[in-house]
Amino acid sequence: MKDLSKPVYPGALVYGEEETQSVAEVIENQSPFRYYGPNLQGKASAFEKEATELFGVKHALAVSSGTAALMVSLRALGVGPGDEVIIPSVTFIACAGSVVSCNAVPIFCDVDESLNMDPEALERCITPRTKVIMVVHLQGSSADMTRIMAIAKRYKLKVIEDSAQSFGAKYKGKYVGTMGDIGTFSLQINKTITAGEGGLVITNDENLYKRAIMAHDQGNIRDASGHVVVDPTCPGFYGENYRMSDLTGAVALMQIRKITDIVNKMRINARKIIDGLNEIPNLYWRKDYDEEGSSYVSLAIYLPTAEDAIQAQKECKERKVSGARLYQGLPTYAYPFVLNKLTVHPSGCPFTCPHYKGKPEYHMGMCPTAEDLIGRALFIQVSPLLTDEDIDYMVTNLKAILRKFV
Ligand SMILES: Cc1ncc(COP(=O)(O)O)c(C=O)c1O
């Protein structure tokens with residue numbers, strides 16, 4: 001039997017001749033930079049065009065990573081010293097890190113049973129300093145966007161939808177990433193489609209798009225030939241380099257063409273696993289705000305205690321089936337450097353910044369639901385490549401493990 005406890009890399013495992021050919025075209029034409037070269041292949045821009053078509057949005061910008069996508073989005077929205085950005089307490093560290101890198105302060109919001117931002121907790125996190133709500137759609141399942149968007153509207157706050165883990169997932173018929181002001185994605189290898197590294201920003205807002213372009217390309221604007229132009233009517237601002245190379249674009253373009261197929265297969269396989277495991281009565285599943293739309297990167301079941309989840313993880317490994325804790329069962333703020341507000345520079349900015357008038361206290365216990373649920377959640381990764389035989393094996397073994405705990 002295969003080892004089904006190994007991590008799943010949905011996009012990378014369906015690499016084929018298309019990706020090889022696409023990269024070869026860039027190499028043969030000696031044009032790896034996306035804006036100009038001896039014989040530009042336009043892969044990154046084709047990837048952007050196909051992203052706008054897939055998501056039905058006006059603008060898409062390819063960038064170098066999901067973290068870059070967050071940085072560029074925060075910059076586009078004007079986040080800086082004195083500002084707070086609300087993020088969920090169960091997410092990847094890049095959410096907090098990108099905010100701090102913009103000299104703003106992350107405020108950790110508790111989650112609900114979906115393990116995504118809890119709208120009620122969100123409202124309690126809002127202060128006069130709040131500039132942006134950064135929603136995360138964890139592991140293919142959407143946050144409660146109807147309520148979150150209503151709160152954002154009431155308080156006139158901007159919304160970034162970090163969809164790094166949920167490429168192709170939907171909420172009530174809409175792709176995640178298309179409901180807020182700006183959506184971000186990652187193409188790192190663990191994600192549903194991948195170019196090894198890479199990222200994407202999408203928006204319908206012309207001004208945010210222009211600012212995102214400048215933020216990702218040293219503040220530059222370029223003419224049709226891809227060369228930088230100095231436009232006296234456009235003052236611009238200092239930026240960084242978060243550009244995608246055309247080599248990465250070559251892979252990203254082939255992968256975005258596969259997203260619908262990959263996600264459909266993950267949905268079918270997830271449904272089979274759910275139905276199989278539901279032979280055990282009263283399993284406590286992670287809440288899903290859209291069971292049809294979820295891309296089911298993984299399924300999560302809450303066990304009675306964190307110790308149970310640790311034991312179940314061990315048994316899953318022994319039986320060679322998927323079942324693991326995410327983020328070592330801890331909320332994002334459990335990192336010592338987060339709790340102690342340790343920044344790269346000894347000044348401690350943004351926490352000590354004179355522009356910042358808040359005094360956030362980060363301590364264990366501050367988001368009790370997050371600490372409880374992420375501790376005892378067992379995540380079962382769903383590969384698009386599972387056969388019916390694999391699924392039978394997984395269900396039989398997972399049932400044997402789970403029965404001991406529920
Ligand atoms: C929720 C979330 N946001 C942002 C990122 C950052 O993406 P990248 O690793 O491409 O920088 C990740 C990556 O794991 C993520 O899971």
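As the structure is a computational prediction, the values presented were derived from the model and not from experiment.

Caption draft 1: Broad picture of the overall build of the protein chain. A tally of regular secondary structure across the protein chain gives 13 helices and 14 strands. Here the C-alpha radius of gyration of the protein chain, 21 Å, is about what a compact globule of 406 residues would show, namely 22 Å. Here the C-alpha coordinates of the protein chain stretch approximately 70 × 55 × 40 Å along the principal axes. For the protein chain, with 406 residues in total, the buried portion stands at 48%. Within the protein chain, contacts between residues at least 6 apart in sequence are counted, and of these 73% link residues at least 24 apart.

Caption draft 2: How the structure looks around the domain arrangement of the protein chain. Partitioning the protein chain into domains gives domain 1 (12–258) and domain 2 (260–329 + 369–402). Computed from C-alpha coordinates alone, the two centres of domain 1 and domain 2 are separated by 28 Å. With 26 residues of domain 1 at the interface, the matching set in domain 2 holds 23 residues. Here the residues of the side of domain 1 that touches domain 2 are counted per class, giving 8 nonpolar, 10 polar and 8 charged.

Caption draft 3: Expanded view of the environment of Asn264. Relative to the helices and strands, Asn264 is located in helix α9 (residues 259–277). Judged by C-beta crowding, with 13 C-beta atoms within 10 Å, Asn264 ranks as partly exposed. Between the C-alpha atom of Asn264 and that of Pro304, which follows or precedes it by 40 residues, the distance is 31 Å.

Caption draft 4: The arrangement of unusual backbone geometry in detail. Residue Cys349 is joined to Pro350 through a cis peptide bond whose omega torsion reads 15°. Mapped onto the elements of the fold, Pro350 is located in the loop between α11 (336–339) and α12 (368–376). Phi at Leu115 takes a positive value of approximately 65°, unusual for a residue other than glycine. For Leu115, the position within the fold is in the loop between β3 (105–109) and α5 (119–125). The exposure class of Leu115 is buried, given the 27 C-beta atoms found within 10 Å.

Caption draft 5: How the structure looks around the nonpolar core. The biggest cluster of nonpolar side chains holds 113 residues, and the ones touching the most others in it are Val63, Val72 and Met134. Here this core gathers at least three residues from each of two domains, domain 1 (12–258) and domain 2 (260–329 + 369–402). Contacts of Met134, omitting those with residues within four sequence positions, involve Val85, Ile86, Ile87, Cys95, Ile160 and Asp162.

Caption draft 6: The arrangement of the site of the ligand in detail. Lining the immediate surroundings of the ligand are 15 residues, of which Gly66, Thr67, Phe92, Ala164 and Ser186 lie closest. Elements with a minimum of two residues in the shell around the ligand: α3 (66–76) and α4 (94–101). Considering each element in turn, the shell around the ligand owes the most residues, 3 residues, to α3. Of the residues that constitute the shell around the ligand, the class distribution is 6 nonpolar, 8 polar and 1 charged.

Caption draft 7: Region of the structure containing the sheet that holds strand β8 (residues 182–186). Spatial strand order, β1-β9-β8-β5-β4-β2-β3: 7 strands in an open sheet with mixed pairing. Whereas interior strands pair on both sides, the edge strands pair on one side only; in this sheet they are β1 (59–63) and β3. On average, each strand axis in the sheet is tilted by 20° relative to the strand beside it, whichever way the strands run. Two strands pair when backbone bridges link them, and β1 and strand β9 (residues 199–203) are joined in this way by 5 bridges, in the antiparallel orientation. The residue bridging Ala62 from the neighbouring strand is Leu200, located in β9. Lying on the sheet, helix α2 (residues 43–55) is in contact with β1 and β9; it crosses β1 at an angle near 135°.

Caption draft 8: Seen up close, the sheet that holds strand β13 (residues 298–302). Reading across the sheet, the 3 strands line up as β12-β13-β14 and stay open at both edges, with antiparallel pairing between neighbours. Single-partner strands in this sheet number two, and they are β12 (284–285) and β14 (377–381). Direction of pairing for β12 relative to β13: antiparallel, over a ladder of 2 bridges. Residue pairing for β13: Tyr284 is matched across the bridge by Tyr302.

Caption draft 9: Quick look at the packing of α2 against helix α8 (residues 246–256). Following both chains from N to C, one finds α2 and α8 inclined at 30°, their axes separated by 7 Å at the closest point. In terms of axis orientation, α2 runs roughly parallel to α8. Crossing angle aside, the handedness with which α2 passes α8 is left-handed. The residues of α8 that touch α2, namely those facing Lys43, Ala44, Ala46, Phe47, Glu50, Ala51 and Leu54, are Asp246, Gly249, Ala250, Ala252, Leu253 and Ile256.

Caption draft 10: Molecular detail of the pairing of strand β4 (residues 130–136). Of all 7 residues that make up β4, 7 are buried, and the element is covered over most of its length. Bridge count between strand β2 (residues 84–88) and β4: 3 bridges; the pairing is parallel. Opposite Glu84, over in β4, you have Thr130 as the bridge partner. Pairing analysis gives 5 bridges linking β4 to strand β5 (residues 158–162), with the strands arranged parallel. Bridging across to β5, Val132 finds its partner in Lys158. At this point the chain moves from β4, through helix α6 (residues 145–154), to the parallel β5, and the crossover so formed is right-handed.

Caption draft 11: Looking closely at the environment of Thr305. Structurally, the position occupied by Thr305 is in the loop between β13 and α10 (306–318). A C-alpha to C-alpha distance of 57 Å links Thr305 and Val228, two positions 77 residues apart in sequence.

What counts and how
- Residues numbered from 1 in each chain as written.
- Predicted model: local features only at pLDDT ≥ 70, side-chain atom pairs only at ≥ 80, totals over all residues.
- Helix = DSSP H or I, 4+ residues; strand = E, 2+ residues; numbered from the N terminus.
- Rg over C-alpha atoms; globule rule 2.2 N^0.38 Å.
- Buried ≥ 20, exposed ≤ 12 C-beta atoms within 10 Å, placed from the backbone.
- Contact = placed C-beta atoms within 7 Å.
- Domains from an automatic or database assignment.
- Nonpolar A, V, L, I, M, F, W, Y, C, P; charged D, E, K, R; others polar.
- Core = buried A, V, L, I, M, F, W, Y, C linked by C-beta atoms within 7 Å.
- Near = placed C-beta within 6 Å.
- Pairing = 2+ DSSP bridges.
- Axes fitted to C-alpha atoms, helices over the stretch in contact; angles between N-to-C directions.
- Parallel < 35°, antiparallel > 145°, perpendicular 65-115°, else oblique.
- Left-handed = near helix turned anticlockwise from the far one by under 90°.
- Right-handed = clockwise from strand over helix to strand, strands pointing away.

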